[in-house]
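Residue-level listing of the chains:
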Amino acid sequence: ADCNNHATTVTGTLVSGCTCTCSTGYTGAACNACATNYQGYPTCVPIPCTVAADCSNHATTVTGTHVSGCTCTCSTGYAGTTCNICDTNYQGYPTCVATLCANAANCNSNAAAVTGTLVSGCTCTCSTGFSGGTCNVCAANYQSYPSCSAIPCTVAANCNGFATTVSGDLVSG
């Protein structure tokens, strides 16, 4: 009666005063309130974890309680124990959008156009003279990566060795 039926032990007397050792989930001199991380007096159950309160509102599911601990399953693009940072290849917390591909980083600065994201994949449309998935090699009839200049015509290779002079290159003719 002196500890509201929520104590593991009670010491003292009604004259000297009663000392309650509260059961798990209860607090107060007379065990008449819920302890931290518990709710719903008089039953005092552990507070359940929620996506909004415990996973930064960026999770697909959450399990556990504030007593046992929360486990967040982060939505796509989010990471961290509370889904409070952007995952790899995403940027711009709190929105966490896929990072766009960039010419310098993904196409060796040799692209005329770059599309896609680091999540979906990058597509490099190489500038004249460059080739390869990331514009990392010289195209046909070009040489000397990373400058990739047109291969010049030569007397021996292009004029059967019978010309006195030769001009042009293998691209322009």
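Preceding block: the structure.
Residues numbered from 1 in each chain as written. Predicted model: local features only at pLDDT ≥ 70, side-chain atom pairs only at ≥ 80, totals over all residues. Heavy atoms only, no water.

Novice: What should I look at first to understand the overall build of the protein in this one?
Specialist: What the protein contains, in helices and strands, is 3 helices and 18 strands. What you see for the protein is a C-alpha radius of gyration of 36 Å, clearly larger than the 16 Å of a compact globule of 173 residues, by over 25%. On the principal axes, the C-alpha backbone points of the protein span a range of 125 × 20 × 15 Å. Within the protein, buried positions represent 23% of all 173 residues. Summed over its atoms, the accessible surface of the protein is roughly 10200 Å², and 55% of this surface lies on carbon and sulfur atoms. (Helix = DSSP H or I, 4+ residues; strand = E, 2+ residues; numbered from the N terminus. Rg over C-alpha atoms; globule rule 2.2 N^0.38 Å. Buried < 20%, exposed > 50% of the residue type's maximum accessible area, 1.4 Å probe, protein only. Areas by Shrake-Rupley, 256 points an atom, 1.4 Å probe, with all protein chains shown as cover.)

Novice: I tried to follow the environment of Thr115 on my own but got confused; where do I start?
Specialist: By the element assignment, Thr115 lies in strand β13 (residues 111–117). The sequence separation of Thr115 and Thr36 amounts to 79 residues, and the corresponding C-alpha distance is 51 Å. Beyond its immediate chain neighbours, meaning those up to four positions away, Thr115 contacts Cys101, Gly121, Cys122 and Thr123. (Contact = heavy atoms within 4.5 Å.)

Novice: Can you help me understand the environment of Ala150 in this one?
Specialist: Take Ala150: it is sitting in strand β18 (residues 149–150). By relative accessible area, Ala150 is classed as partly exposed at 21%. For Ala150, the contacting residues outside a window of four places in its chain are Asn141, Tyr142, Asp169 and Val171.

Novice: How do you make sense of unusual backbone geometry when you look at a structure like this?
Specialist: Glycine aside, the phi torsion of most residues is negative, and most peptide linkages are trans. Cis geometry marks the peptide bond from Tyr93 to Pro94; its omega dihedral reads 20°. Mapped onto the fold, Pro94 is located in the loop between β11 (90–91) and β12 (97–98). Positive phi, close to 55°, is recorded for Asn4, a residue that is not glycine. Assignment of secondary structure puts Asn4 in the segment before β1 (7–13). Its identity is not glycine, yet Ser56 carries a phi of approximately 55°, on the positive side. By the secondary structure assignment, Ser56 is in the loop between α1 (51–54) and β7 (59–65).

Novice: Would you take a moment to explain the state of the cysteines for this structure?
Specialist: Structurally, a disulfide amounts to a covalent bond that connects the sulfur atoms of two cysteines. Applying the stated criterion to the full structure yields 11 disulfides. In this model, Cys49 is linked to Cys70 through a disulfide, with the two sulfur atoms separated by 2.0 Å. Between Cys49 and Cys70 the disulfide shows an S-S torsion of about -85°. By sign, it is left-handed. Remark: Cys70 occurs in strand β8 (residues 69–74) and Cys49 occurs in the loop between β6 (45–46) and α1; sequence separation between them is 21 residues. The class of Cys49 is buried, set by a relative accessible area of 10%. The disulfide bridge from Cys138 ends at Cys148, spanning 2.2 Å between sulfur atoms. The sign of the S-S torsion, about -90°, decides the handedness of the disulfide formed by Cys138 and Cys148: left-handed. Of this pair, Cys138 sits in strand β16 (residues 137–138) while Cys148 sits in the loop between β17 (142–143) and β18; the two residues are 10 residues apart in sequence, bridging distant segments of the chain. Cys148 sits in the buried class, given a relative accessible area of 6%. No disulfide involves Cys18; its nearest neighbouring cysteine sulfur is the one of Cys3, lying 6.4 Å away. Taking relative accessible area as the criterion, Cys18 reaches 30% and is therefore assigned partly exposed. Cys159 forms no disulfide, and the closest cysteine sulfur to it belongs to Cys153, at a distance of 7.1 Å. (Disulfide = S-S within 2.5 Å.)

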